[in-house]
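# Reading the structure
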Amino acid sequence: MRNLTIEEGTDFSWKQDANCLGINPDLFYPERGVSSAQAKSVCRGCTVKEQCLEYALQNGEKFGIWGGMSERERRVIRRERRLQRHQNVVTLRSSRQAVS
Ligand code: SF4
């Protein structure tokens, strides 16, 4: 399991159940153009995949495979979440204007 930036108050107990414990971390940081399939296959059956992915999303991890996803795949999720937050703000403003 790779090293995580320890932030006070953050629960990292999930990493004890990581499938990648004891696996060479380099596998999760493939060189450009090299397949990430092997790393993703380790992640596939990991019971803490969601926590791992969320950690990477929340901390803006720019490199490597986290939660079975590449940076490019995580970028898509971050963009979708941003759009959803924006949509929620627009909806909230519209409802407030309708009430007043
Ligand atoms: S999802 Fe993959 S990288 Fe994350 S803890 Fe599990 S095996 Fe490790």
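Up top is the structure these notes are about.
Structure report, in brief. Per chain, the residues get numbers from 1 upward, laid out in the order the sequence is written. Given that the model is predicted, a residue must reach a pLDDT of at least 70 before its local features are reported, and side-chain atom pairs must reach 80 or more before they are shown or counted; all residues, however, enter totals for whole chains, interfaces and linings.

Elements are defined by DSSP. Helices are runs of H or I of four residues or more, strands are runs of E of two residues or more, and each kind is numbered from the N terminus. When you go through the protein chain residue by residue, the secondary structure sums to three helices and zero strands. Ordered by position from N to C terminus, the α and β elements of the protein chain give α-α-α. Here the C-alpha radius of gyration of the protein chain, 17 Å, is well above what a compact globule of 100 residues would show, namely 13 Å. In terms of overall dimensions, the protein chain has C-alpha extents of about 60 × 35 × 20 Å along its principal axes. Counting other C-beta atoms within 10 Å of a residue's own tells you its class, since 20 or more makes it buried, 12 or fewer makes it exposed, and anything in between is partly exposed; those C-beta atoms are placed from the backbone. A total of 100 residues make up the protein chain; the buried ones form 13% of that total. The reference for a compact globule is 2.2 Å times residues^0.38; the radius of gyration itself is calculated from the C-alpha atoms.

Turning to the nonpolar core, a few remarks are in order. By convention the nonpolar core is taken to be a set of buried residues drawn from Ala, Val, Leu, Ile, Met, Phe, Trp, Tyr and Cys and joined through C-beta atoms within 7 Å. Phe28, Ala39, Cys43, Cys52, Leu53, Tyr55, Ala56, Ile65, Trp66 and Met69 together form the largest nonpolar core, which totals ten residues. Of all elements in the fold, only helix H1 (37-44) and helix H2 (49-58) reach the threshold of two or more residues within this core.

Each residue receives a C-beta atom placed from its backbone. It is near a molecule or strand if this atom lies within 6 Å of it. Around the ligand, 14 residues are found, and the nearest of them are Ala18, Cys20, Cys43, Cys46 and Cys52. Only H1 and H2 provide two or more residues apiece to the shell around the ligand. The class makeup of the residues in the shell around the ligand is ten nonpolar, three polar and one charged. As a working rule, the residues Ala, Val, Leu, Ile, Met, Phe, Trp, Tyr, Cys and Pro are called nonpolar, Asp, Glu, Lys and Arg charged, and the rest polar, with Gly in that last group.

At 3.6 residues per turn, the α-helix brings residues three or four places apart onto the same side. Listed in full, the buried residues belonging to H2 are Cys52, Leu53, Tyr55 and Ala56. End-on, the buried residues of H2 take up no more than an arc of 155°, which puts them together on one face. In H2, the exposed positions that point more than 90 degrees away from the buried face belong to Glu50 and Gln58. Residues of H2 that are buried make contact with helix H3 (71-99). Phi turns positive one or two residues past the end of H2, at glycine 60, with a value near 60°. Here the arc refers to the directions that run from the helix axis out to each C-beta atom. It is the C-beta atoms, placed from the backbone, that decide contacts: two residues are in contact if theirs lie within 7 Å.

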